[in-house]
Amino acid sequence: MAQQRSVLLVDDSKFARLLVKAFISSNFSNWEIDEAEDGNKALEMVEGKSYDYLLLDFNMPGMNGLELGEQLRGRFPDAVIALLTANIQQEIQKKAASLGLEFLAKPPTEEKIRDFIAAQEAAR
Amino acid sequence: MIDLSELEHDTISELINIGVGRAASSLSEMVEQPVELTVPRITFVERFSDTDLASKPNEVVSAVSQTFDGPFKGEAMLVFPEERSLELVRSLLKVEVPLDTLTDLEQEALMEVGNIILNACLGSISNVLGEPINCSMPSFRKRESKSLLDVEGGGLNNGNKPVLMILHVQFMLRQNDIDGYVLFVMDLDSIQMLRELVRRFLANSLG
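Residues numbered from 1 in each chain as written. Chains lettered and ligands numbered in written order. Predicted model: local features only at pLDDT ≥ 70, side-chain atom pairs only at ≥ 80, totals over all residues.

Trainee: Which residues make up the overall build of chain B, and what are the values?
Mentor: Each helix and strand in chain B was counted, giving four helices and eight strands. Along chain B, helices and strands appear, N-terminal first, in the series α-β-β-β-β-α-α-β-β-β-β-α. Per-residue burial for chain B yields a buried fraction of 38% across its 207 residues. Contacts spanning at least 24 positions in sequence make up 72% of the contacts within chain B whose residues lie at least 6 apart. (Helix = DSSP H or I, 4+ residues; strand = E, 2+ residues; numbered from the N terminus. Buried ≥ 20, exposed ≤ 12 C-beta atoms within 10 Å, placed from the backbone. Contact = placed C-beta atoms within 7 Å.)

Trainee: Describe the overall build of chain A, and please don't skip the residues or the numbers.
Mentor: Within chain A, the regular secondary structure consists of five helices and five strands. The N-to-C order of helical and strand elements in chain A reads β-α-β-α-β-α-β-α-β-α. Whereas a compact globule of 124 residues would reach a radius of gyration of roughly 14 Å, chain A reaches 13 Å, a difference of no more than 12%. The C-alpha extent of chain A, read off along each of the three principal axes, is 35 × 30 × 30 Å. Residues counted as buried form 43% of the 124 residues belonging to chain A. Here the contacts in chain A between residues at least 6 apart in sequence split such that 64% fall between residues at least 24 apart. (Rg over C-alpha atoms; globule rule 2.2 N^0.38 Å.)

Trainee: Quick one: what's the story with the sheet that holds strand β3 (residues 53-56) of chain A, residue by residue and with numbers?
Mentor: Note: strands within a sheet are paired through backbone hydrogen bonds, in either parallel or antiparallel orientation. All names here are of chain A. The five strands lie next to each other as β2-β1-β3-β4-β5, forming an open sheet whose pairing is parallel. The open sheet has two edge strands, β2 (32-36) and β5 (102-105), and neither has a second partner. When the angles between neighbouring strand axes are averaged without regard to direction, this sheet yields 20°. Alignment of β3 against strand β4 (residues 80-85), held across four bridges, turns out to be parallel. Bridge pairing in β4 links Tyr 53 to Val 80. Of the strands in this sheet, β1 (6-10), β2 and β3 touch helix α1 (residues 14-27), which is tilted by about 170° from β2. (Pairing = 2+ DSSP bridges. Axes fitted to C-alpha atoms, helices over the stretch in contact; angles between N-to-C directions.)

Trainee: Lay out the UniProt feature "modified residue: 4-aspartylphosphate" (unreviewed entry) in chain A in plain terms, naming residues and giving numbers.
Mentor: Residues and elements named next belong to chain A. In the UniProt entry, the feature "modified residue: 4-aspartylphosphate" (unreviewed entry) is given for Asp 57. Mapped onto the elements, Asp 57 comes out in the loop between β3 and α3 (65-75). Contacts of Asp 57, omitting those with residues within four sequence positions, involve Val 10, Asp 11, Asp 12, Ala 16, Gly 65, Leu 84 and Thr 85. (UniProt positions renumbered as here; feature names shortened; annotations may be inferred.)

Trainee: Would you mind going over the pairing of β1 of chain A in detail, with residue names and values included?
Mentor: All names here are of chain A. Counting buried residues in β1 gives four out of five residues, a clear majority hidden from the surface. Pairing geometry for β1 and β2, over five bridges, is parallel. Residue pairing across strands places Ser 6 opposite Glu 32, the latter belonging to β2. In this region the chain leaves β1, passes through α1 and returns to the parallel neighbour β2; the handedness of that crossover is right-handed. Both β1 and β3 contribute to a ladder of four bridges, which runs parallel. Bridge pairing in β3 links Val 10 to Leu 56. (Right-handed = clockwise from strand over helix to strand, strands pointing away.)

Trainee: Any details on the interface of chain A and chain B? Residues and values, ideally.
Mentor: Opposite the 18 residues of chain A that make contact, chain B presents 20 residues. With five residues, α1 of chain A is the single largest residue contributor to the side of chain A that touches chain B. Taken together, the residues of the side of chain A that touches chain B sort by class into eight nonpolar, six polar and four charged. (Nonpolar A, V, L, I, M, F, W, Y, C, P; charged D, E, K, R; others polar.)

Trainee: Hey, could you go over the environment of Gln 71 of chain A for me, with residue numbers and the actual values?
Mentor: For Gln 71 of chain A, the location among the structural elements is in helix α3. It is 9.8 Å that separates the C-alpha atoms of Gln 71 of chain A and Leu 99 of chain A, two residues lying 28 residues apart in sequence.

Trainee: Account for the UniProt feature "domain: CheC-like protein" (unreviewed entry) in chain B, naming residues and giving values.
Mentor: As recorded in UniProt, the feature "domain: CheC-like protein" (unreviewed entry) lies at residues 8-42 of chain B. Between the C-alpha atoms that bound residues 8-42 of chain B the distance is 11 Å, and the span itself is 69% helix and 11% strand.

Trainee: I'd like a description of unusual backbone geometry, backed by residues and values.
Mentor: The step from Lys 106 of chain A to Pro 107 of chain A runs through a cis peptide bond, and the omega angle for that step is 10°. Relative to the assigned elements, Pro 107 of chain A resides in the loop between β5 and α5 (110-123). Positive phi, normally seen in glycine, also occurs at Glu 32 of chain B, with a value near 55°. By the secondary structure assignment, Glu 32 of chain B is in the loop between α1 (6-31) and β1 (36-37). For Glu 32 of chain B, a count of 11 C-beta atoms within 10 Å gives the class exposed.

Trainee: Kindly report on the UniProt feature "domain: Response regulatory" (unreviewed entry) in chain A, identifying the contributing residues and their values.
Mentor: The UniProt record annotates "domain: Response regulatory" (unreviewed entry) at residues 6-121 of chain A. For residues 6-121 of chain A, the helix share is 47%, the strand share is 21%, and the end-to-end C-alpha distance is 13 Å.

What follows is the structure in C-alpha coordinates.
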(Lines give C-alpha, C1' and ligand atoms only; values in the text may rest on other atoms or scores of the structure.)
Protein backbone atom coordinates (compact mmCIF):
# COMPACT_ATOMS: atom_id res chain seq x y z
CA MET A 1 0.00 0.00 0.00
CA ALA A 2 1.45 3.35 -0.99
CA GLN A 3 1.95 6.01 1.62
CA GLN A 4 -1.02 8.29 2.07
CA ARG A 5 -0.81 11.33 -0.19
CA SER A 6 -2.89 14.39 -0.86
CA VAL A 7 -4.06 15.33 -4.34
CA LEU A 8 -5.61 18.48 -5.74
CA LEU A 9 -7.50 18.16 -9.04
CA VAL A 10 -8.04 21.46 -10.85
CA ASP A 11 -10.39 21.23 -13.83
CA ASP A 12 -13.45 23.25 -14.82
CA SER A 13 -15.09 20.04 -16.05
CA LYS A 14 -16.96 18.28 -13.26
CA PHE A 15 -17.01 15.19 -15.45
CA ALA A 16 -13.23 15.16 -15.82
CA ARG A 17 -12.78 15.58 -12.05
CA LEU A 18 -15.24 12.76 -11.37
CA LEU A 19 -13.35 10.35 -13.63
CA VAL A 20 -9.86 11.19 -12.40
CA LYS A 21 -10.97 11.05 -8.78
CA ALA A 22 -12.51 7.61 -9.36
CA PHE A 23 -9.34 6.34 -11.05
CA ILE A 24 -7.08 7.54 -8.22
CA SER A 25 -9.41 6.32 -5.47
CA SER A 26 -9.70 2.84 -6.91
CA ASN A 27 -5.90 2.41 -6.98
CA PHE A 28 -4.81 4.46 -3.98
CA SER A 29 -7.70 4.02 -1.63
CA ASN A 30 -6.36 5.94 1.35
CA TRP A 31 -5.39 9.06 -0.57
CA GLU A 32 -7.09 12.35 0.10
CA ILE A 33 -8.41 14.04 -3.05
CA ASP A 34 -9.64 17.63 -3.21
CA GLU A 35 -11.11 19.42 -6.21
CA ALA A 36 -11.10 22.96 -7.54
CA GLU A 37 -12.97 24.21 -10.60
CA ASP A 38 -10.50 26.93 -11.54
CA GLY A 39 -7.14 28.46 -10.76
CA ASN A 40 -8.37 31.06 -8.28
CA LYS A 41 -10.17 28.43 -6.24
CA ALA A 42 -7.03 26.26 -6.33
CA LEU A 43 -4.88 29.12 -5.04
CA GLU A 44 -7.35 29.68 -2.21
CA MET A 45 -7.21 26.01 -1.30
CA VAL A 46 -3.42 25.83 -1.17
CA GLU A 47 -3.36 28.72 1.31
CA GLY A 48 -4.43 26.39 4.09
CA LYS A 49 -3.09 23.04 2.92
CA SER A 50 -0.18 21.49 1.10
CA TYR A 51 -0.47 18.81 -1.57
CA ASP A 52 1.76 16.03 -2.87
CA TYR A 53 0.12 15.91 -6.30
CA LEU A 54 -1.53 18.72 -8.23
CA LEU A 55 -3.17 17.82 -11.55
CA LEU A 56 -4.12 20.84 -13.62
CA ASP A 57 -6.24 21.23 -16.71
CA PHE A 58 -4.86 23.78 -19.20
CA ASN A 59 -7.92 25.43 -20.73
CA MET A 60 -9.93 26.90 -17.83
CA PRO A 61 -11.81 30.13 -17.22
CA GLY A 62 -9.51 32.77 -15.72
CA MET A 63 -5.90 31.69 -15.48
CA ASN A 64 -4.78 28.72 -17.57
CA GLY A 65 -3.01 25.64 -16.25
CA LEU A 66 0.48 26.91 -17.12
CA GLU A 67 -0.05 30.19 -15.26
CA LEU A 68 -1.42 28.29 -12.30
CA GLY A 69 1.36 25.70 -12.49
CA GLU A 70 4.01 28.39 -12.40
CA GLN A 71 2.57 29.81 -9.18
CA LEU A 72 2.13 26.40 -7.61
CA ARG A 73 5.65 25.28 -8.53
CA GLY A 74 7.05 28.19 -6.50
CA ARG A 75 4.90 27.25 -3.54
CA PHE A 76 5.40 23.46 -3.69
CA PRO A 77 8.92 22.79 -5.00
CA ASP A 78 8.78 19.08 -4.09
CA ALA A 79 5.24 18.28 -5.23
CA VAL A 80 4.37 16.50 -8.45
CA ILE A 81 2.57 19.06 -10.58
CA ALA A 82 1.19 17.89 -13.92
CA LEU A 83 -0.80 19.39 -16.72
CA LEU A 84 -3.61 16.96 -17.52
CA THR A 85 -4.98 18.40 -20.71
CA ALA A 86 -6.51 17.72 -24.10
CA ASN A 87 -4.28 20.42 -25.56
CA ILE A 88 -1.48 18.28 -26.96
CA GLN A 89 0.34 21.05 -28.83
CA GLN A 90 4.11 20.81 -28.59
CA GLU A 91 4.26 24.48 -27.62
CA ILE A 92 2.25 23.72 -24.48
CA GLN A 93 4.30 20.62 -23.67
CA LYS A 94 7.55 22.57 -23.98
CA LYS A 95 6.28 25.36 -21.74
CA ALA A 96 5.14 22.81 -19.17
CA ALA A 97 8.57 21.17 -19.17
CA SER A 98 10.32 24.52 -18.80
CA LEU A 99 8.23 25.21 -15.67
CA GLY A 100 9.02 21.81 -14.18
CA LEU A 101 5.54 20.44 -14.82
CA GLU A 102 4.78 16.92 -15.96
CA PHE A 103 2.47 16.46 -18.96
CA LEU A 104 -0.40 13.99 -19.28
CA ALA A 105 -2.57 14.00 -22.40
CA LYS A 106 -6.30 13.56 -21.96
CA PRO A 107 -8.32 11.41 -22.07
CA PRO A 108 -7.61 10.23 -18.56
CA THR A 109 -7.80 6.45 -18.31
CA GLU A 110 -7.42 4.35 -15.21
CA GLU A 111 -4.24 2.77 -16.55
CA LYS A 112 -2.70 6.12 -17.52
CA ILE A 113 -3.39 7.74 -14.15
CA ARG A 114 -2.34 4.67 -12.14
CA ASP A 115 0.92 4.20 -14.10
CA PHE A 116 1.79 7.88 -13.88
CA ILE A 117 1.35 7.99 -10.12
CA ALA A 118 3.10 4.65 -9.59
CA ALA A 119 6.11 5.90 -11.56
CA GLN A 120 6.21 9.12 -9.55
CA GLU A 121 5.97 7.18 -6.30
CA ALA A 122 8.78 4.87 -7.36
CA ALA A 123 10.96 7.88 -8.12
CA ARG A 124 10.44 9.49 -4.71
CA MET B 1 -14.56 30.04 -55.21
CA ILE B 2 -11.11 29.01 -54.06
CA ASP B 3 -8.56 27.22 -56.09
CA LEU B 4 -6.61 24.46 -54.39
CA SER B 5 -4.14 22.36 -56.33
CA GLU B 6 -4.61 18.64 -56.08
CA LEU B 7 -1.54 18.42 -53.82
CA GLU B 8 -2.82 21.21 -51.51
CA HIS B 9 -6.23 19.59 -51.32
CA ASP B 10 -4.62 16.26 -50.56
CA THR B 11 -2.35 17.80 -47.90
CA ILE B 12 -5.21 19.55 -46.10
CA SER B 13 -7.18 16.27 -46.16
CA GLU B 14 -4.17 14.46 -44.73
CA LEU B 15 -3.70 17.09 -42.00
CA ILE B 16 -7.31 16.60 -40.97
CA ASN B 17 -6.86 12.86 -41.26
CA ILE B 18 -3.91 12.94 -38.84
CA GLY B 19 -5.83 15.17 -36.45
CA VAL B 20 -9.01 13.13 -36.54
CA GLY B 21 -7.00 9.93 -36.30
CA ARG B 22 -5.54 11.18 -33.06
CA ALA B 23 -9.03 12.22 -31.95
CA ALA B 24 -10.44 8.79 -32.80
CA SER B 25 -7.69 7.18 -30.79
CA SER B 26 -8.65 9.40 -27.82
CA LEU B 27 -12.34 8.53 -28.20
CA SER B 28 -11.50 4.85 -28.52
CA GLU B 29 -9.53 5.00 -25.26
CA MET B 30 -12.51 6.62 -23.55
CA VAL B 31 -15.17 4.17 -24.73
CA GLU B 32 -12.90 1.12 -24.88
CA GLN B 33 -14.01 0.07 -28.34
CA PRO B 34 -12.86 0.65 -31.92
CA VAL B 35 -13.85 3.90 -33.60
CA GLU B 36 -14.22 3.84 -37.37
CA LEU B 37 -13.60 6.93 -39.47
CA THR B 38 -14.55 7.91 -43.00
CA VAL B 39 -12.10 9.62 -45.34
CA PRO B 40 -12.16 13.41 -44.72
CA ARG B 41 -14.12 15.38 -47.29
CA ILE B 42 -13.55 19.04 -48.06
CA THR B 43 -16.32 21.14 -49.51
CA PHE B 44 -16.63 24.87 -50.12
CA VAL B 45 -20.05 26.40 -49.67
CA GLU B 46 -21.63 29.78 -49.12
CA ARG B 47 -24.23 28.52 -46.68
CA PHE B 48 -24.30 25.54 -44.39
CA SER B 49 -27.65 24.60 -45.92
CA ASP B 50 -25.80 24.01 -49.21
CA THR B 51 -24.03 21.00 -47.77
CA ASP B 52 -25.41 17.49 -47.81
CA LEU B 53 -24.94 17.51 -44.02
CA ALA B 54 -28.17 19.43 -43.93
CA SER B 55 -30.01 16.60 -45.70
CA LYS B 56 -32.00 15.99 -42.52
CA PRO B 57 -32.60 19.64 -41.66
CA ASN B 58 -35.05 18.93 -38.86
CA GLU B 59 -33.00 16.30 -37.09
CA VAL B 60 -32.02 17.53 -33.62
CA VAL B 61 -28.31 17.21 -33.01
CA SER B 62 -26.02 17.78 -30.04
CA ALA B 63 -22.90 19.74 -30.85
CA VAL B 64 -19.82 20.78 -28.94
CA SER B 65 -18.10 23.72 -30.51
CA GLN B 66 -14.76 25.42 -29.98
CA THR B 67 -13.57 28.46 -31.83
CA PHE B 68 -9.89 28.56 -32.66
CA ASP B 69 -7.57 31.40 -33.40
CA GLY B 70 -4.02 31.61 -34.65
CA PRO B 71 -2.61 32.10 -38.13
CA PHE B 72 -6.03 30.92 -39.28
CA LYS B 73 -9.25 30.93 -37.35
CA GLY B 74 -12.61 29.23 -37.40
CA GLU B 75 -14.86 26.91 -35.55
CA ALA B 76 -14.46 23.20 -34.90
CA MET B 77 -17.48 21.11 -34.02
CA LEU B 78 -18.27 17.63 -32.85
CA VAL B 79 -21.82 16.71 -33.82
CA PHE B 80 -23.98 13.67 -33.11
CA PRO B 81 -27.70 12.89 -33.07
CA GLU B 82 -29.37 13.96 -29.87
CA GLU B 83 -31.07 10.65 -29.10
CA ARG B 84 -27.73 8.83 -28.86
CA SER B 85 -25.96 11.29 -26.60
CA LEU B 86 -27.00 9.70 -23.31
CA GLU B 87 -25.85 6.35 -24.66
CA LEU B 88 -22.47 7.86 -25.44
CA VAL B 89 -22.18 9.31 -21.93
CA ARG B 90 -23.04 5.93 -20.42
CA SER B 91 -20.26 4.27 -22.37
CA LEU B 92 -17.80 6.97 -21.30
CA LEU B 93 -18.40 6.66 -17.59
CA LYS B 94 -16.38 3.94 -15.99
CA VAL B 95 -18.16 4.39 -12.69
CA GLU B 96 -21.76 3.40 -12.03
CA VAL B 97 -24.04 6.38 -11.49
CA PRO B 98 -27.81 6.61 -11.10
CA LEU B 99 -29.84 7.73 -14.13
CA ASP B 100 -30.55 11.15 -12.58
CA THR B 101 -26.85 11.81 -12.16
CA LEU B 102 -26.20 10.53 -15.66
CA THR B 103 -28.69 13.02 -17.09
CA ASP B 104 -27.22 15.82 -14.97
CA LEU B 105 -23.77 14.95 -16.21
CA GLU B 106 -24.76 14.62 -19.85
CA GLN B 107 -23.85 18.11 -20.99
CA GLU B 108 -20.67 18.24 -18.87
CA ALA B 109 -19.57 14.89 -20.23
CA LEU B 110 -20.25 15.79 -23.85
CA MET B 111 -18.38 19.08 -23.48
CA GLU B 112 -15.37 17.25 -22.10
CA VAL B 113 -15.51 14.70 -24.92
CA GLY B 114 -15.73 17.56 -27.42
CA ASN B 115 -12.82 19.29 -25.73
CA ILE B 116 -10.65 16.18 -25.99
CA ILE B 117 -11.64 15.33 -29.57
CA LEU B 118 -11.39 18.84 -30.97
CA ASN B 119 -8.10 19.59 -29.20
CA ALA B 120 -6.68 16.32 -30.50
CA CYS B 121 -7.58 17.43 -34.05
CA LEU B 122 -6.36 21.00 -33.72
CA GLY B 123 -3.29 20.06 -31.67
CA SER B 124 -2.13 17.57 -34.28
CA ILE B 125 -2.60 20.11 -37.07
CA SER B 126 -0.73 22.71 -35.05
CA ASN B 127 2.12 20.30 -34.39
CA VAL B 128 2.47 19.33 -38.05
CA LEU B 129 2.40 22.93 -39.31
CA GLY B 130 4.48 24.22 -36.39
CA GLU B 131 2.00 27.02 -35.72
CA PRO B 132 0.36 27.49 -32.29
CA ILE B 133 -3.44 27.59 -32.29
CA ASN B 134 -5.45 28.98 -29.38
CA CYS B 135 -8.71 27.20 -28.57
CA SER B 136 -11.65 28.74 -26.75
CA MET B 137 -13.57 27.01 -23.98
CA PRO B 138 -16.01 24.45 -25.42
CA SER B 139 -19.66 25.40 -25.75
CA PHE B 140 -22.65 23.12 -26.12
CA ARG B 141 -25.68 23.47 -28.36
CA LYS B 142 -28.62 21.24 -29.08
CA ARG B 143 -30.68 22.25 -32.08
CA GLU B 144 -32.00 21.30 -35.49
CA SER B 145 -29.30 20.43 -37.96
CA LYS B 146 -30.35 23.24 -40.33
CA SER B 147 -29.54 25.84 -37.63
CA LEU B 148 -26.28 24.26 -36.53
CA LEU B 149 -24.06 27.16 -37.51
CA ASP B 150 -26.38 29.96 -36.45
CA VAL B 151 -24.68 31.89 -33.67
CA GLU B 152 -26.41 34.46 -31.52
CA GLY B 153 -24.90 37.90 -32.01
CA GLY B 154 -22.63 37.04 -34.91
CA GLY B 155 -20.44 34.21 -36.02
CA LEU B 156 -18.72 32.90 -39.03
CA ASN B 157 -21.76 33.15 -41.23
CA ASN B 158 -21.78 36.91 -40.76
CA GLY B 159 -18.26 37.50 -42.04
CA ASN B 160 -17.70 39.81 -44.96
CA LYS B 161 -16.69 36.89 -47.15
CA PRO B 162 -19.26 34.22 -46.49
CA VAL B 163 -17.34 31.30 -47.89
CA LEU B 164 -17.12 28.29 -45.65
CA MET B 165 -14.73 25.43 -45.93
CA ILE B 166 -16.40 22.41 -44.43
CA LEU B 167 -14.12 19.56 -43.51
CA HIS B 168 -16.28 16.62 -42.72
CA VAL B 169 -15.26 13.33 -41.14
CA GLN B 170 -17.75 10.82 -39.88
CA PHE B 171 -16.97 8.51 -36.96
CA MET B 172 -18.79 5.36 -35.89
CA LEU B 173 -18.91 3.34 -32.68
CA ARG B 174 -20.51 0.15 -33.92
CA GLN B 175 -20.98 -1.50 -30.53
CA ASN B 176 -23.19 1.36 -29.40
CA ASP B 177 -24.63 2.22 -32.81
CA ILE B 178 -23.42 5.79 -32.40
CA ASP B 179 -22.21 7.92 -35.25
CA GLY B 180 -21.36 11.53 -35.50
CA TYR B 181 -19.12 13.90 -37.39
CA VAL B 182 -16.44 16.52 -36.95
CA LEU B 183 -16.71 19.80 -38.81
CA PHE B 184 -14.17 22.54 -39.32
CA VAL B 185 -15.60 25.78 -40.61
CA MET B 186 -13.38 28.61 -41.81
CA ASP B 187 -13.97 31.78 -43.76
CA LEU B 188 -12.17 32.79 -46.95
CA ASP B 189 -9.30 34.72 -45.31
CA SER B 190 -8.52 31.79 -43.05
CA ILE B 191 -8.73 29.31 -45.89
CA GLN B 192 -6.21 31.36 -47.81
CA MET B 193 -3.88 31.50 -44.81
CA LEU B 194 -4.20 27.76 -44.29
CA ARG B 195 -3.42 27.25 -47.97
CA GLU B 196 -0.32 29.46 -47.59
CA LEU B 197 0.87 27.47 -44.56
CA VAL B 198 0.28 24.23 -46.43
CA ARG B 199 2.33 25.57 -49.36
CA ARG B 200 5.19 26.44 -46.99
CA PHE B 201 4.93 23.08 -45.29
CA LEU B 202 5.07 21.31 -48.66
CA ALA B 203 7.99 23.47 -49.80
CA ASN B 204 9.93 22.60 -46.62
CA SER B 205 9.00 18.94 -46.73
CA LEU B 206 9.75 18.46 -50.39
CA GLY B 207 12.92 20.55 -50.25
